[in-house]
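Observations on chain architecture
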Amino acid sequence: MSIQPLFDLTGKVAIVTGGGNGIGRACCELLAEAGATVVVSNRTPETGEAVAQAIRDKGGKALAVACDVLDDRALEHLVERTVEEFGAIHILVNNAGGGRGGHENPFELSAEEFEAIFRLNVFSAWKLCKLVVPHMARAGYGSIVNITSMASINKSPNMSAYASSKAALNHMTANLAFDFGPMNVRINCVGPGATRTRALSTVLTPEIESRMLALTSSASPPTSRVPCSTSPRRFPSGSAVRCSLSTAAACRPSTDGRQFCSCTCMTFYLIQAEHSEK
């Protein structure tokens, strides 16, 4: 018996924030390949539209919606536009995020800059979850993946804001699983290792890359130390996202009839060796 139907997302509508580049684009492409209708949310309209058009050119269904996740009204518009166009929301990938990657000297970083990183990595995901979960509950199917980071469990200098924001995202996700589970909505984290996307390349220095590789070699079992030279769409986090969003990861009701939804943080100690052109 084939397990492929468990990973089929035909008929599901997915929103991916930060879907225009890197891991976000990889998620959009993989979800489209699995049959999902994809809403590519991106702050830059042209970038999001390019991803949506590439999906449509391959026979998939996609819509680009410009959205700055720090703008509450833009988040509301993203959800409203999705429901208006496709009638439902089943999947959310909170991928948009960022920090100052190894340049967060605590004596130079202001409180306002620290708070801004939390607004981007934690608050925006929390707000969008609140907006989409009622639609997922009505649809009878919901699955959310928050893209966290290995920085959330590793320790590094000059990473206090970004790393702690991703750690907060992990714990927030674990707690929201108890809130959303009874509504038949799953929520999980996927925590990639460093992936050399355009976003990372803006802050990556030889010193920072050396530290990342050292963490990779010291934290990973030998079988996990795989040199990655492909694009983010083939990076293991993309497959983990697809798995977490599919019925293969569906919750099972407990014996007393309640619904439990466990949160798993899937982590990968890998660094990608090449820039993605996507």
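Structural data are supplied above this passage.
Bear in mind the structure is a predicted one, so any value in this text is a computation, not a measurement.

About the thresholds
Residues numbered from 1 in each chain as written. Predicted model: local features only at pLDDT ≥ 70, side-chain atom pairs only at ≥ 80, totals over all residues. Heavy atoms only, no water. Axes fitted to C-alpha atoms, helices over the stretch in contact; angles between N-to-C directions. Helix = DSSP H or I, 4+ residues; strand = E, 2+ residues; numbered from the N terminus. Parallel < 35°, antiparallel > 145°, perpendicular 65-115°, else oblique. Left-handed = near helix turned anticlockwise from the far one by under 90°. Contact = heavy atoms within 4.5 Å. Nonpolar A, V, L, I, M, F, W, Y, C, P; charged D, E, K, R; others polar. Core = buried A, V, L, I, M, F, W, Y, C linked by side-chain atoms within 4.5 Å. Buried < 20%, exposed > 50% of the residue type's maximum accessible area, 1.4 Å probe, protein only. Right-handed = clockwise from strand over helix to strand, strands pointing away. Salt bridge = Lys/Arg side-chain N within 4 Å of Asp/Glu carboxyl O. Expected span 1.5 Å × (residues − 1). Arc of directions from axis to C-beta. Polar contact = N/O pair within 3.5 Å; in protein donor to acceptor, adjacent residues only side chain to side chain.

Helix-helix packing is described using two parameters, namely the angle between the two axes and the distance between the axes. Where helix H3 (residues 72-86) meets helix H4 (residues 111-139), the axes come as close as 10 Å, and the angle between the chain directions of the two elements is 30 degrees. When the interaxial angle is binned, H3 and H4 end up roughly parallel. Considering the relative orientation of H3 and H4, their crossing is right-handed. Residues Asp72, Leu75, Glu76, Leu78, Val79 and Val83 of H3 form the contact with H4, whose own contacting residues are Ser124, Lys127, Leu128, Leu131, Val132 and His135. Classifying every residue of the contact of H3 with H4 by side-chain character gives seven nonpolar, two polar and three charged.

Residues Leu92, Val132, Ile144 and Phe180 are the most contacted members of the largest nonpolar core, which totals 29 residues. Ranked by residues supplied to this core, first place goes to H4 with eight residues. Counting residues in hydrophobic clusters, the runner-up holds 22 residues, among them Ile23, Val40, Ala52 and Tyr141.

Below, the discussion takes up the pairing of strand S6 (residues 185-191). The side chains of a regular strand alternate, residue by residue, between the two faces of the sheet. Counting buried positions along S6 gives seven out of seven residues, so the element sits mostly inside the fold. Judged by which residues are buried, S6 turns out to be covered on both faces: Val185, Ile187, Cys189 and Gly191 on one side and Arg186, Asn188 and Val190 on the other are all buried. At this point the chain moves from strand S5 (residues 142-147), through helix H5 (residues 160-180), to the parallel S6, and the crossover so formed is right-handed.

Moving on to the pattern of salt bridges. Considering all chains together, one arrives at nine salt bridges under this definition. For Arg25, the salt bridge identified is with Glu29, shortest N-O distance 3.0 Å. Of this pair, Arg25 and Glu29 both sit in helix H1 (residues 22-33), four residues apart, which is roughly one turn of that helix. You'll find Arg25 and Glu29 in the same group, each marked buried. Across the salt bridge formed by Arg73 and Glu80, the nearest N and O atoms sit 3.3 Å from each other.

On to the environment of Val40, then. Here Val40 shows up in strand S2 (residues 37-42). The class for Val40 is buried, based on a relative accessible area of 0%. In this structure Val40 touches Val16, Gly19, Gly20, Cys28, Gly48, Val51, Ala52, Leu63, Ala64 and Val65, once residues within four positions along its chain are discounted.

Along the chain, the position of His77 falls in helix H3. With a relative accessible area of 36%, His77 lands in the partly exposed category. Sequence spacing of His77 and Ala66 is eleven residues, and the spatial spacing of their C-alpha atoms is 9.2 Å.

Here the focus is H3. In this model H3 runs 21 Å from its N-terminal to its C-terminal C-alpha over 15 residues, within 8% of the 21 Å that 1.5 Å per residue would give. Restricting attention to buried positions, one finds in H3 the residues Ala74, Leu75, Leu78, Val79 and Thr82. Taken around the axis of H3, the buried residues stretch over an arc of 140 degrees, which confines them to a single face. Packed against the buried residues of H3 are strand S1 (13-17), S2, strand S3 (62-66) and H4. Residue Gly87 follows H3 closely and has a positive phi angle near 85 degrees.

Right, let's talk about the environment of Arg56 for a bit. Structurally, Arg56 is set in helix H2 (residues 45-57). As a C-alpha pair, Arg56 and Val38 span 18 residues in sequence and 9.9 Å in three-dimensional space. Once residues lying within four places of it in the same chain are set aside, the contact partners of Arg56 are Glu49, Ala62 and Leu63. Within the structure, the side chain of Arg56 is placed 2.9 Å from the side chain of Gln53, a separation counted as a polar contact.

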